[in-house]
Amino acid sequence: MRHTVLLLSLLLMFSAGAKTKPAGKVRVFAQTEIRNQGQIARGDSSAVTVYAYSTMPFANVQVSSKVPKVKGCHVRLLPQRNYRQSVTYIERKPYYTVPCAQYMVSPTKNGNYKFPKIKINAVVMEEKEEDRSRRDPFFGPFSDFFRQPEYNHIKQSFTAPAQPFQVVNPPRKSSEPLRHEGKMLI
């Protein structure tokens, strides 16, 4: 008897809390990430990734194919891959995250630089409200498990802010790599 009551209460809990609606409107933003705390060694190159974040899943994300210009650096767009969305928690809130563009930056001089703003156009998906009753007579409490949700597509335009980075001298080599290069050590 206890098992039956427990099972019925669990089924009611799952069927009542299965459908959750996102609170409020969609929130979208973007960030530019430069590895190694924003430091790049002169003569080396580093990947710069632009990430888009949203409170609703992305249907499509597009970035201009025009390569941004950074004075004193060579910048090139890396080939686009079919990136997958993931969920990232920021301040204890879940956000759908997708890398929307990746650039390779190769500086030629030391100094402080800024990677420019990147304009992003995205389409996010908001789940439509259903007109049918909560329970299907055929599937019973499992009707939410078998349903196929429909979505409204919402267009969004936003900008990834400019990201400062610093170009520093390359690290000094130890004696072992210098010996392998044929340099004479004193």
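As the structure is a computational prediction, the values presented were derived from the model and not from experiment. (Residues numbered from 1 in each chain as written. Predicted model: local features only at pLDDT ≥ 70, side-chain atom pairs only at ≥ 80, totals over all residues. Heavy atoms only, no water.)

K.L.:
Before we go on, may I ask you to explain the nonpolar core in this structure?
P.N.:
Nonpolar side chains tend toward joint burial in soluble globular proteins. The biggest cluster of nonpolar side chains holds 29 residues, and the ones touching the most others in it are Val 50, Tyr 103, Val 105, Phe 115, Ile 118, Ile 120 and Phe 165. Residues contacting Phe 165, with those up to four places away along its chain left out, are Ile 34, Gly 38, Ile 40, Val 70, Cys 73, Val 105, Gly 111, Asn 112, Tyr 113, Lys 114 and Phe 115. (Core = buried A, V, L, I, M, F, W, Y, C linked by side-chain atoms within 4.5 Å. Buried < 20%, exposed > 50% of the residue type's maximum accessible area, 1.4 Å probe, protein only. Contact = heavy atoms within 4.5 Å.)

K.L.:
I keep staring at the environment of Ser 106 and nothing clicks. Help me out?
P.N.:
Note on placement: Ser 106 falls in strand S7 (residues 93–107). The partly exposed category is assigned to Ser 106, whose relative accessible area is 23%. In this structure, the C-alpha to C-alpha distance between Ser 106 and Cys 73, residues 33 residues apart in sequence, is 5.4 Å. When sequence neighbours within four positions are dropped, the list of residues in contact with Ser 106 reads Asp 44, Ser 45, Cys 73 and His 74. (Helix = DSSP H or I, 4+ residues; strand = E, 2+ residues; numbered from the N terminus.)

K.L.:
Mind showing me how you'd approach the sheet that holds strand S10 (residues 151–160) here?
P.N.:
Strands belonging to one sheet form pairs held by backbone hydrogen bonds; the direction of such a pair is parallel or antiparallel. Taken in spatial order, the 3 strands make up an open sheet running S4-S9-S10, and their pairing is antiparallel. The sheet terminates laterally at strand S4 (58–63) and S10, the two strands that pair on one side only. Each strand axis lies, on average, 15° off the axis of its neighbour in the sheet, ignoring direction. Bridging between strand S9 (residues 118–127) and S10 involves 10 bridges; their strand directions are antiparallel. In the strand pairing of S10, Ala 122 is matched with Gln 156. (Pairing = 2+ DSSP bridges. Axes fitted to C-alpha atoms, helices over the stretch in contact; angles between N-to-C directions.)

K.L.:
Would you mind going over the confidence of the model for the protein with me for this structure?
P.N.:
Close inspection of predicted coordinates is inappropriate for parts of the model with low pLDDT. When the pLDDT values of the protein are averaged, the result is 80; 76% of them are 70 or greater. Ranking the helices and strands of the protein by mean pLDDT puts strand S6 (residues 86–90) first, with 93, and helix H1 (residues 2–17) last, with 49. For the stretch residues 10–23, pLDDT sits under 50, and the model shows 18 contacts to residues farther than four places along the chain or on other chains. (pLDDT = per-residue confidence, 0-100.)

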